Every structure is written in C-alpha cells, then in structure tokens.
Amino acid sequence: SVAPVLAASHAASVDPDDVRALTGCIEGPSLDSPHREFDLGEVSGVCRAVCYGDHGCDPHVVPPSVLKLFATGHGDADKAAVIHAVKRTWGFDAGEDDDLADAYVLARLAYALVRGPGPRRCEHDVVKSILQPPPHKRRVRKSRPKDDV
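To keep things clear, this report deals only with the structure shown in the data block. (Residues numbered from 1 in each chain as written. Predicted model: local features only at pLDDT ≥ 70, side-chain atom pairs only at ≥ 80, totals over all residues. Heavy atoms only, no water.)

1. With respect to the overall build of the protein
The secondary structure content of the protein amounts to 6 helices and 2 strands. Start at the N end of the protein and walk to the C end: the helices and strands fall as α-β-α-β-α-α-α-α. Looking at the 149 residues of the protein, the share that counts as buried comes to 29%. The long-range share in the protein, meaning contacts at least 24 apart out of those at least 6 apart in sequence, stands at 58%. Of the roughly 10,700 Å² of accessible surface on the protein, 55% is carried by carbon and sulfur atoms. (Helix = DSSP H or I, 4+ residues; strand = E, 2+ residues; numbered from the N terminus. Buried < 20%, exposed > 50% of the residue type's maximum accessible area, 1.4 Å probe, protein only. Contact = heavy atoms within 4.5 Å. Areas by Shrake-Rupley, 256 points an atom, 1.4 Å probe, with all protein chains shown as cover.)

2. Quick word on the environment of Cys 57
Along the chain, the position of Cys 57 falls in the loop between α2 (37-55) and β2 (60-62). Counting along the chain gives 34 residues from Cys 57 to Thr 23, while the straight-line C-alpha distance between them is 5.9 Å.

3. What about the nonpolar core?
If you look at the biggest cluster of nonpolar residues, it comprises 22 residues, and the most contacted ones within it are Cys 25, Val 62, Phe 70, Val 86, Val 105 and Leu 109. The set of elements that each furnish at least two residues to this core consists of α3 (64-72), α4 (79-90), α5 (98-115) and α6 (121-131). Per-element accounting of this core gives the leading share, 9 residues, to α5. Discounting chain neighbours no more than four positions away, the residues touching Cys 25 are His 60, Val 62, Leu 106, Leu 109, Ala 110 and Leu 113. (Core = buried A, V, L, I, M, F, W, Y, C linked by side-chain atoms within 4.5 Å.)

4. Topic: the pattern of salt bridges
In total, this model carries 4 salt bridges according to the counting rule given. Linking Lys 87 and Asp 93 is a salt bridge whose minimum nitrogen-to-oxygen distance equals 3.9 Å. (Salt bridge = Lys/Arg side-chain N within 4 Å of Asp/Glu carboxyl O.)

5. Let's talk about the side chain of Arg 120
Looking at where Arg 120 falls in the secondary structure, it is placed in the loop between α5 and α6. Within polar-contact distance, the side chain of Arg 120 engages the backbone oxygen of Phe 70 at 2.6 Å. Among the polar contacts made by the side chain of Arg 120, one reaches the side chain of Glu 123 at a distance of 2.7 Å. (Polar contact = N/O pair within 3.5 Å; in protein donor to acceptor, adjacent residues only side chain to side chain.)

6. Considerations on α4
Between its first and last C-alpha, α4 extends 16 Å over 12 residues, near the 16 Å set by a 1.5 Å rise per residue. When α4 is considered as a whole, its buried residues turn out to be Val 82, Ile 83, Ala 85, Val 86 and Trp 90. Across the axial projection of α4, the buried residues extend over an arc of 165°, all falling on one side. Exposed residues pointing more than 90 degrees away from the buried face of α4 are listed as Ala 80 and Arg 88. On its buried face, α4 sits against α3, α5 and α6. (Expected span 1.5 Å × (residues − 1). Arc of directions from axis to C-beta.)

The following block contains the structure:
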C-alpha cells in the first residue's frame with residue numbers, strides 16, 4: 001500500500017522525540033460501498049494494529065467527506081476534484097490514481113494534526129473538528145402526560 005510510504009515520508013520531517021508526532025489517519029468506510037464491510041474491516045484492523053503495536057497511537061478515522069473537505073474545500077467533491085486539488089495545493093502528482101490521492105491527503109491531514117494546518121480555511125476547520133470535536137448533544141425525552149384512568 002502507498003499510504004504507509006507517504007506517511008513515512010512526512011514522518012521523516014518530524015522530530016522522532018516529539019510525542020505529538022505519533023498520530024495517523026485512516027479513511028472511514030463509505031456508506032455507498034455495498035458488500036465491502038469485511039474488506040474494509042480487515043484493512044482497518046491491520047492499519048489500527050500497526051498504529052497501536054508499532055507506534056502506540058490511536059489513528060483518527062476520517063470520513064470520506066472530511067477527507068474531501070480537507071483536500072478541496074468541499075465535502076461532496078468527486079475523485080477527479082481530489083486528484084486535481086492534491087496537485088494544485090501540494091504539488092503532488094497522483095496521476096489518475098484516486099487511492100494514491102486519498103492516501104496523500106490522509107498523510108497531509110495526519111501531518112496537520114501534529115504540526116498545524118496549512119493556510120487554507122478548510123484545513124483549519126477540519127483540524128479543529130478532529131482535535132476539538134463539539135460535545136454530543138444529549139437527547140432529552142419528553143414525558144407524555146399520563147391519562148387519568
């Protein structure tokens with residue numbers, strides 16, 4: 001897989017003694033992928049095992065829409081837009097390989113989580129949403145009035 005190679009190339013520029021550098025990102029499942037849950041589970045398990053076992057870190061699971069938002073500024077961008085944004089924004093040519101472009105964006109996002117986002121607002125928004133997620137709203141059940149019997 002290309003993702004570890006890309007992540008390693010970014011990790012090489014991070015001080016190995018910096019504990020904050022121990023982070024990783026994996027892409028979450030796409031809800032539009034029929035019958036891929038076992039494949040996705042196996043790959044996700046292997047990635048998590050490497051992060052936990054080799055580096056002692058918990059990877060951030062990044063939904064596809066967040067990956068697209070980080071790369072293009074739009075959470076509903078298509079694969080071609082992500083490939084184009086990777087080349088335009090960071091100068092990395094993924095050719096026509098959308099998996100390579102996604103892996104590159106994940107490596108850039110992991111790097112941004114450690115060293116801070118780039119100058120674009122979408123990068124700041126995504127990093128903030130991961131590092132400082134909004135609190136979960138608790139549902140409050142409304143009690144129904146009891147009928148007098």
